[in-house]
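Here is how the chains run, residue by residue.
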Amino acid sequence: AAATGCAVAEELARKGEDALVVIDDLQSHRDFWETTERTLIDTFGIGSVAANASSLNAASSEMRIFYASLFQRVGYLNKKAGGGSLSMLVLVDRNEAPPTDGEGVHKPYTMEDFDNPLYGQKVRARLQIMVDKGIELSPAVLKKLDIPPPEIRCTEERFQIMNIEDLMSLSDGQIVLDEELLRTGKRPPIDGRASLTRIGIGHDSLAVSSSPAMRAVASSLRFELAQALDLVKDDMSAATVKQRNRSLGWQAAMHQDPGRTRRLSESVALLLAASKGMLDKVGAESAADMQKSSSVIEGLLAHARSKCAQEMQTIDETLELSFETKRALEKEFSSFFETAKV
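Residues numbered from 1 in each chain as written. Predicted model: local features only at pLDDT ≥ 70, side-chain atom pairs only at ≥ 80, totals over all residues. Heavy atoms only, no water.

Quick look at the layout of surface pockets
So, point 1. Its boundaries defined by the atoms lining it, the second largest pocket holds a volume of some 2100 Å³.
So, point 2. Residue lining of the second largest pocket: 48 residues in total, with Lys-144, Asp-191, Arg-193, Leu-229 and Asp-230 positioned closest to the centre.
So, point 3. Secondary structure elements with two or more residues in the lining of the second largest pocket: helix 5 (120-132), helix 6 (139-144), helix 8 (164-169), helix 9 (179-183), helix 11 (221-229) and helix 12 (238-254).
So, point 4. In terms of residues, the lining of the second largest pocket owes the most to one element, helix 11, which gives six residues.
So, point 5. Among the residues making up the lining of the second largest pocket, the classes are represented as 19 nonpolar, eight polar and 21 charged. (1 Å grid on protein atoms, 1.4 Å probe; cavity = no way out; pocket = protein on both sides within 12 Å on 5 of 7 lines; lining within 4 Å. Points joined across faces, edges and corners; volume = space filled by probe spheres on them. Helix = DSSP H or I, 4+ residues; strand = E, 2+ residues; numbered from the N terminus. Nonpolar A, V, L, I, M, F, W, Y, C, P; charged D, E, K, R; others polar.)

Below, the structure written as C-alpha cells:
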C-alpha cells in the first residue's frame, strides 16, 4: 500500500503537482520484508540473517536499505522531469514503557539487562551515557529515548523493523506526540524536546526548514523545554519555578485547538512573547486550566492584530522579523498585560 501510494504521487509530481503521501500503516511493507527474509532463510538457512550479532547488524542494514528505497522517493522534480514534488508523512507508534508494579515504582534497569545483541552497540552507548550521568534507566527514560524495555518480547526480525531510531534516522526529521501532554490538554501534544528537523543540516546545504522570522524567536525553545524536563518536581526555588513557568509559557504559545489555524505572523508573535517571558504566568499545568490559558492567548492575538496589523502583514509577506517589528510587538504585548487580568 505504501509503495502504491508513492507510485500514484510520483505520477502527480511528473505532471507538476505537489503530492503528500501519508502512511499510517507499514504492515504490508513489513509483510513483504518478512516474506523476502523467510525466502532467504529457506534458501540459505537461518545463519544468513540472524546467526549472531554481526549477521543481525547486517540484517538491520538490509532492512534500512529496504525502507530507504521507499523514503528516497521523496523530493522535488526539476522542470524537465515535471516540476512537481512528493512529500511523505509516516505515522509510527512508539514503544510504550511497561506498567509499574508494587507501589508504582519500577526497579531501575542495569546495563546487564541490555546485553541482548539486538540492542546494538549504539543503543547501549546511549544508555551508558545516562548511567554515567547518574540517571536511572527507568521505563519513563527508555520511553523518551525510544528504546524498548527488556520486558517487551518480540522476534529478532520484528525488533529490527520496529526500531524507531532506525526509522527516524532515515527521515528528514520527526514530530513526536506525547501522551502526557495530551492528558494535560495540550493541543497538538507535540513534544518540542524530541521533535526536530534535519533539513538544512550540513555546511553545504542551502535548504531551510523554517522562515527567518520563526528561527529568530524559537532558537531557545527546545533547550528550555529540555531543561524543564530535568527539574525536580518538589523543588520550589525561585530559579526552578521560573524555568518551569517558562516551559509552560512555550507550551501555551504553541497550543492550538483542533480546527484552529494560525498565520505565520500569529505564531511568531506568540513565540516572541514566550521567549521574552511574557507568557510565564499564562501556561497551564492541567487540562482544567487550559481554557483560561487559551482565553488569554486569544486575547493577546486579537490585540496584536488590532494594534500591529501592518507589522503582522509584513511578517506574513516577507517571512522576516525586523528589529522595528519586534519592538512594536513587544511594546503592545507589554501594554496588553498591563491591563489584562492574568
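Focus on the packing of aromatic side chains
So, point 1. In the structure shown here, the tally under the stated rule is three aromatic pairs.
So, point 2. Judged by centre distance (6.3 Å) and plane angle (50°), the ring pair of Tyr-67 and Phe-71 falls under tilted. Taken together, the residues span about one helical turn, with Tyr-67 and Phe-71 both in helix 4 (residues 53-71) at a distance of four residues.
So, point 3. Residue class for Tyr-67 comes out buried when judged on its relative accessible area of 1%.
So, point 4. By relative accessible area, which is 12% here, Phe-71 ends up buried.
So, point 5. Seen in terms of ring centroids, Phe-336 and Phe-337 are 5.2 Å apart; in terms of plane orientation they differ by 80°. Their pairing is edge-to-face.
So, point 6. Its relative accessible area of 12% is what places Phe-336 among the buried residues.
So, point 7. For Phe-337, a relative accessible area of 21% gives the class partly exposed. (Phe/Tyr/Trp six-rings, centres within 6.5 Å; stacked < 30°, edge-to-face > 60°. Buried < 20%, exposed > 50% of the residue type's maximum accessible area, 1.4 Å probe, protein only.)

Concerning the environment of Leu-272
So, point 1. Among the structural elements, Leu-272 can be located in helix 13 (residues 264-275).
So, point 2. Through-space distance from the C-alpha of Leu-272 to that of Trp-250 is 9.6 Å; in sequence the pair is 22 residues apart.
So, point 3. Ignoring any residue separated from it by four or fewer positions in sequence, one finds Leu-272 in contact with Val-217, Lys-326, Leu-329, Glu-330 and Phe-333. (Contact = heavy atoms within 4.5 Å.)

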